[in-house]
Amino acid sequence: MRIGFRRLGPSRRGLLSRLALLAAIVAAACMPLHAAIVQGVVTDPLGAPVLGANVVLVQNGSIVAHTVTQPDGSYRLTTGSSGRYYILVGAPSFKQVTTQGFFAGAVSLHSENVVLEPAVVRQEVVVSATGTPTPQAQLSSSVSVQRNPEYRNRITLADPLRQAPGAFVVQQGQYGALTSLFVRGGNSDSNKISLDGVPMEDIGGVFDFGNVATMGIGQFELNRGPNSVLYGSDAASGVVDLTTPQGSTPFPSIFYEGDYGNLSSFRNQVQVGGTHNRIDYYGGFSGFQSANDLPMDEYHDYTASANLGYALTSATQLRGTARYSVSGTGTPGPIDFYGIANAGKQSDQDLYVGATLENQTTSAWHNRVRYALTRKREQDQNFYPAGIPIPTTVDGFTSTNYYGYATTITGANGDAVSGQAILNFAGIFPNRLELISNRDQLYFQSDYRVNPHIVALAGFRFEDERGAEKLAVYDIDQTLERANYDYTAQIHGDIRNRIYYTLGGGIEKNGLYGTVGAPRIGLAYYPVRPGQGILHGTKIKFSFATGYQEPSLEDQFGSLYSFLLSQPGGGDAIRQFGVSPIGAQQSRSYEGGIEQSFLNQRGILRVSYFHNQYRNQIESVPATEVPALLPNLTPSEQKALETILIDGPGIDLNSQSFRAQGMESEIEFTLPHNLFLRGGYTYLDAVVQRSFSSGALSPAYNTGPPGGPLPSFSATPIGAYGPLRGARPFRRPPHTGFASVSYAATRWSAQLTAAFASRSDDSTFLPGYDFWEGNSLLLPNRNLDYGYAKLDAGGTYQLKSWVGIYAQLDNLTNNQHIGPIGYPALPLTMRVGLRLALGHQSKHPGS
């Protein structure tokens, strides 16, 4: 996304060649002794030099210099004054490319390499795969890219992420609800999330996409596969790399948009961007509120974003970025289980700050130093014990718990149970759990282009992590600090612009679990280079990588090993069940695939097979089962311990392993008249190979209420809190897909998107929640969550150059089963809005 993207008018484009020739003659005649020089290399997506490409240097919309590229793709432009410029490059069979603006000073050299994009197919330049800007066509890994215009109408990134193969988004409710991303069958906390290089996820990888506003996100990359070589811990399944927009116009450009919709939803946002001499600037603010469609579930989010760059010289730039968001949402819980909303609220305050110094030391040597600051606060509050107070006596112990209404819970598998579930156990109200996750990070990267075909990269990262978990009413106040060191080395390049390779390794010394390493190998080969023809352009690729992930705050605080050490007889349980200290979770991935261009590069088909192995994964032990690990305790002591554990943090250990393999496919096709089609399908075969729940502990069974009839599935083993060995991991459907149709004309655009998923395994998570604190409300895990198809439509219309209208309709079929069982999805939502652009020659953001 660029704020105020500049385009030459139609008349100027028509006279481009004559003006360029005149500009070159005038520039040569008037060139002063001391001048700014801009040079670089123009290549195609495969890295081959482009001969005869027109390269134009533009300042304030006027051509100041022009040349054509040499046989090696190189160009050199000279100008007699310092200032901000951008490069405009065009060549037959390629799209016209405009670079990001840059500052060039007198008596200085600025390097600007340009990769041209084919005229009809999208080939992005990405950073997340190799650490340096690399065209997608040269990658052995799988990366999807979306720019701001594709999701400009959206509130959050949840729906845009659904439009990528291998990605499955789970939204546990409506606006503001916990929204998780599963990549190729991996856990939702095994993805590295960064904004301009600043880590966004909590310590341990947990990240909620439900309160990430699209404002201030210029584009995002989704790298599917482990990449701990470049990103260290948490990049065990994938990487999501977000980018803040930069100002580009030589004048302040101001953009406003506001919309209103059903469910009392409204959004307002303002953005400003521009440049002045050595400075480029961008700032934005957005606010969104909604009542949602459930009681006790109001949501609000306010986000501010900024990006400020200063060119110290033509080769050295200092850049600062910041993003701060404040959000609050009700926590009604799985209301379909209770018929009553829980009386709770979750609040988040997230701050991300980055300061980066970059230097292009020579045309081949680039260095970067970045300081990153992450400050995250979360408060989960229960105001009062919602529910119907009913005293119950179990095993001689009487307590007053709070129940929902009598309901029937029916799974997508057809199984059903009826009863009243405990909404809140007896305890202290109100109560508030506070989580703090802070990071300070220093990163250095140096990359050197040895020759046109080899790039070497080395990096170092130091990270200081500090976290806390506080629950005052139960005197819980736990803190931790970790100092982590990462070292990276990598080379990538090509052989004759036909074979592309990546070879790298990373080592991390983690303050919790010590030293761990990760290798990465990638290879791509073009037996047929892209070109004109029905099937002309074939790419074969292979990659292997390992990843690792550190435990979260809750995992470390709730370590089963540490807990057992503090209990009488705990040492015997540790030895009997093989419990170890909490440690690193690890992954290993193989991927092989093919990409085929067709119909003169108007379309491209990508098919990949992946095989992921996740070892030493962390799983939770139910509070009701922990006392059973300590047989030396009396029944009353076991019951008292169970009560404490239910109200306190969870108990966790590294005990789970699972495999996730499958096929993912994606097709893109560009039709005449600005029509673009895209779709994808992913098949996932995931199975749990080892689990504490079905190893040291016994699985649960639903034998019905005492004295009542047995349910038809009473002999079916159930994983109450986690999947059993031989079953599928929870909330990972075997079949997922997406499709979109986009049309863009001069004054209006429209987009229709669809996302679908098959049934998936899950749990009601209600063991011990009935009147008898038994399992009569558990359902078999297999195919418990419903499959769904979600259809959305949006469009924009430009009334004038400075004013436009837009509309967005989501969930056109009013499907209530898009989330996990128990959590109603948002119904059909409609929003209509207005966009205003103020400033000389203003354009829409991202246009």
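Residues numbered from 1 in each chain as written. Predicted model: local features only at pLDDT ≥ 70, side-chain atom pairs only at ≥ 80, totals over all residues. Heavy atoms only, no water.

*Asks:* Provide a residue-level description of the packing of aromatic side chains, including the pertinent values.
*Replies:* Counting across every chain of the model gives 19 aromatic pairs. Between the aromatic rings of Y85 and F102, the centroid separation amounts to 6.5 Å while the plane-to-plane angle is 35°, which identifies the pairing as tilted. Here F102 lies in strand 8 (residues 102-104) and Y85 lies in strand 6 (residues 83-90), a separation of 17 residues in the sequence. Residue classification places Y85 among the buried residues on the basis of a relative accessible area of 1%. Take F102: its relative accessible area is 5%, and that puts it in the buried class. (Phe/Tyr/Trp six-rings, centres within 6.5 Å; stacked < 30°, edge-to-face > 60°. Helix = DSSP H or I, 4+ residues; strand = E, 2+ residues; numbered from the N terminus. Buried < 20%, exposed > 50% of the residue type's maximum accessible area, 1.4 Å probe, protein only.)

*Asks:* I'd like to hear about the side chain of S587, residue by residue, with values.
*Replies:* Note that S587 resides in strand 39 (residues 585-598). We classify S587 as buried; its relative accessible area is 4%. A distance of 2.8 Å separates a polar side-chain atom of S587 from the backbone oxygen of A236. Setting aside its immediate chain neighbours within four residues, S587 contacts P226, A236, A545, T546, G547, Q613 and Y614. (Polar contact = N/O pair within 3.5 Å; in protein donor to acceptor, adjacent residues only side chain to side chain. Contact = heavy atoms within 4.5 Å.)

*Asks:* Describe the pattern of salt bridges, listing the residues and the values that go with them.
*Replies:* Under the counting rule described, the total for this entry stands at 44 salt bridges. Between R154 and D159 there is a salt bridge, with its nearest N and O atoms 3.4 Å apart. Considered together, R154 and D159 belong to a single accessibility category, that of buried residues. Note that D440 and R375 form a salt bridge whose closest N and O atoms lie 3.0 Å from each other. Note that D440 is positioned in strand 33 (residues 431-451) and R375 in strand 27 (residues 365-382), a separation of 65 residues in sequence. Per residue, the accessibility class of D440 equals that of R375, and both read buried. Put simply, R184, R224, K539, K541, E591, E595, R606, E664, E666, E668 and R678 are held in one network by salt bridges that share partners. (Salt bridge = Lys/Arg side-chain N within 4 Å of Asp/Glu carboxyl O.)

*Asks:* Which residues make up the confidence of the model for the protein chain, and what values do they have?
*Replies:* For the protein chain, the average pLDDT comes to 91, and 94% of its residues sit at 70 or higher. A low-confidence stretch, residues 1-33 stays under pLDDT 50, and its non-local contacts, those more than four residues away or across chains, total 60 contacts. A low-confidence stretch, residues 842-847 (pLDDT under 50), is modelled with 27 contacts involving residues beyond four sequence positions or located in other chains. (pLDDT = per-residue confidence, 0-100.)

*Asks:* Now, about the side chain of N781: what can you tell me, with residues and values included?
*Replies:* Residue placement: N781 occurs in the loop between strand 44 (748-757) and strand 45 (788-800). Taking relative accessible area as the criterion, N781 reaches 9% and is therefore assigned buried. At 2.7 Å, the side chain of N781 forms a polar contact with the backbone nitrogen of G719. What N781 contacts, discounting residues up to four positions off in sequence, is P717, I718, G719, F730, S760, D761, D762 and S763.

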